[in-house]
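Architecture and fold: a report
If you want the building blocks of each chain, they are given just below.
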Amino acid sequence: MRAVGVIPKKREVGVLAHAAPHLHGPDEVKIRTIEVGICGTDREICHFDYGTPPDGSDYLVLGHEALGEVVEVGSEISNFRPGDLVVPTVRRPCPHHTCPACREDRQDFCVTGDFTERGIKMTHGFMTEFFVEEEKHLNLVPKELRDVAVLVEPLTVAEKAIAQVWQVQSRLPWANGSAEPGQGKTAVVLGAGPVGILGAMALITRGFKTHVYSRSPKPNPKAALVESIGASYTSCETVTAEQFAEQVGGIDLVYEAVGTAKISFDVLKVLGLNGIFIFTGIPGTRAAISIDADLIMRQMVLKNQIALGTVNADRPAFEAAIRDLGVFKKRWPKALQAVITGRFPMDAYRDLLLGKATGIKNVITL
């Protein structure tokens, strides 16, 4: 069958012949791939910044943001049946018994670093016609979310981040007892890509007054989408971080989804009292920047601030993302659809992966 992948030793990207998968265990499920989202990670792998094929293979099948349909199940499968829609998780546990995280299915906090990741590290991804997966790594998706379910994986970034916000901020009398726990708090999202926009939606539904601070000046389609869901949009090219902070008031939470250090550390300097800053982006290799480290350190101490990084997601984050997509679809049906810029056939892979990045979220259909 056909698959899109990379051959790192040859520095090649293309459509490859990939063996059709078969069930080998009673807890496995065979899935027909419906859609796979393209993200910055895929593009970086295609520029050979990272990406590792499985042992014994000279190529790596790409794709980790997938929606599929169950076509066959193993004898011990009870939660899925043919015709079900599923979204797979990405990271797989390391083999070491000494890793408490992986032994408890929390490989997102693996302590050995020997985890594998579908389409990224030592395990083939989903940008192919069929794949086989263990039942425990699959998440059932309601039929009514078929048109947006490819957004589940990028939304899990925000879901895991928000879960950690509640855990960390329990150190404070932060919670207000409201059904909307962010009520009365101000959140800033850095970046207006899919991870940023979906994160803004998640924060708004939790009651935060939400502002997006990104690069491109208005007017632009991303700004229009952000404002259509009730968030404000400000460009860092026209308003400095200090000016932005004066406009929005005290910043309780920053959700970074821009992957750029300069913007991030500029905003870290204006984080409010008892504030929390969540890093999710992974900057590429760039020239070093200057930061006011003494100021940042002083403020983090005197203002009781927290900064933390988060990567990958656990099953509760995927389940929360599926629930929230249902909420978003009812509240902002047009805006949610607009996050997906376009759907393209597999043969369009070269422009999507190697050409100039365009739109918000592009998707390959199979």
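For the structure itself, look to the data block above.
Residues numbered from 1 in each chain as written. Predicted model: local features only at pLDDT ≥ 70, side-chain atom pairs only at ≥ 80, totals over all residues. Heavy atoms only, no water.

**A few points about the sheet that holds strand 9 (residues 122-123)**
Our working definition: A strand pair is defined by DSSP finding two or more bridges across the two strands. Helix and strand assignments follow DSSP, with helices taken as H or I runs no shorter than four residues and strands as E runs no shorter than two, numbered in order from the N terminus.
Here we have 3 strands laid out as an open sheet, ordered 7-8-9, and mixed in their pairing. Two strands close off the open sheet at either side, each with one partner strand: strand 7 (91-92) and strand 9. Across 2 bridges, strand 8 (residues 116-118) lies against strand 9 in parallel orientation. Of the residues in strand 9, the one forming a bridge with Arg118 is Thr123.

**Topic: the side chain of His211**
Threshold: When checking whether two residues touch, look at their non-hydrogen atoms; a contact exists if any pair is within 4.5 Å.
Structurally, His211 is set in strand 13 (residues 209-214). Setting aside residues no more than four positions away along its own chain, His211 makes contact with Thr186, Ala187, Val188, Val189, Ser232, Phe244 and Val248.

**Re the nonpolar core**
Filter applied, for reference: We define the nonpolar core as a collection of buried residues of types Ala, Val, Leu, Ile, Met, Phe, Trp, Tyr and Cys that are connected through side-chain atoms lying within 4.5 Å of one another. Three exposure classes are used, based on accessible area relative to the maximum for each residue type with a 1.4 Å probe and protein chains only: buried under 20%, partly exposed in between, and exposed over 50%.
Within the largest apolar cluster, 56 residues are counted, with the highest numbers of intra-cluster contacts made by Leu151 and Met201. Residue contributions to this core peak at 7 residues, all from helix 4 (residues 194-205). When residues no more than four places from it in sequence are discounted, the contact partners of Met201 are Leu225, Ile229, Phe328, Trp332, Ala335, Leu336 and Val339. Judged by nonpolar contacts, the second largest core, of 27 residues, contains Val6, Leu62, Met127 and Leu352.

**A look at the packing of helix 4 against helix 9 (residues 315-331)**
Short version of the rule: Orientation is described by axes fitted as lines to C-alpha atoms, over the contacting stretch for helices, and by angles from 0 to 180 degrees between their N-to-C directions. Angles below 35 degrees are treated as roughly parallel, those above 145 as roughly antiparallel, those between 65 and 115 as roughly perpendicular, and all remaining angles as oblique. In this classification, the charged set is Asp, Glu, Lys and Arg, the nonpolar set is Ala, Val, Leu, Ile, Met, Phe, Trp, Tyr, Cys and Pro, and all remaining amino acids, among them Gly, are polar.
Relative orientation of the contacting elements helix 4 and helix 9 amounts to 85°, with a least axis distance of 11 Å. Between helix 4 and helix 9, the interaxial angle falls into the category roughly perpendicular. Taken together, the residues of helix 9 that come into contact with helix 4 (itself represented by Leu198, Met201, Ala202, Ile204 and Thr205) are Asp324, Val327, Phe328 and Arg331. Of the residues that constitute the contact of helix 4 with helix 9, the class distribution is 6 nonpolar, 1 polar and 2 charged.

**Quick look at the pairing of strand 6 (residues 85-88)**
Of the two faces of strand 6, both are covered, the one formed by Leu85 and Val87 as well as the one formed by Val86 and Pro88. When strand 5 (residues 65-73) meets strand 6, the two strands line up antiparallel, connected through 2 bridges. Looking at the pairing, Gly68 lines up with Val86 of strand 6. Sheet topology note: the strand 6/strand 11 (residues 138-141) ladder contains 4 bridges and is antiparallel. Within strand 11, the position partnered with Val86 by the bridge is Leu140.

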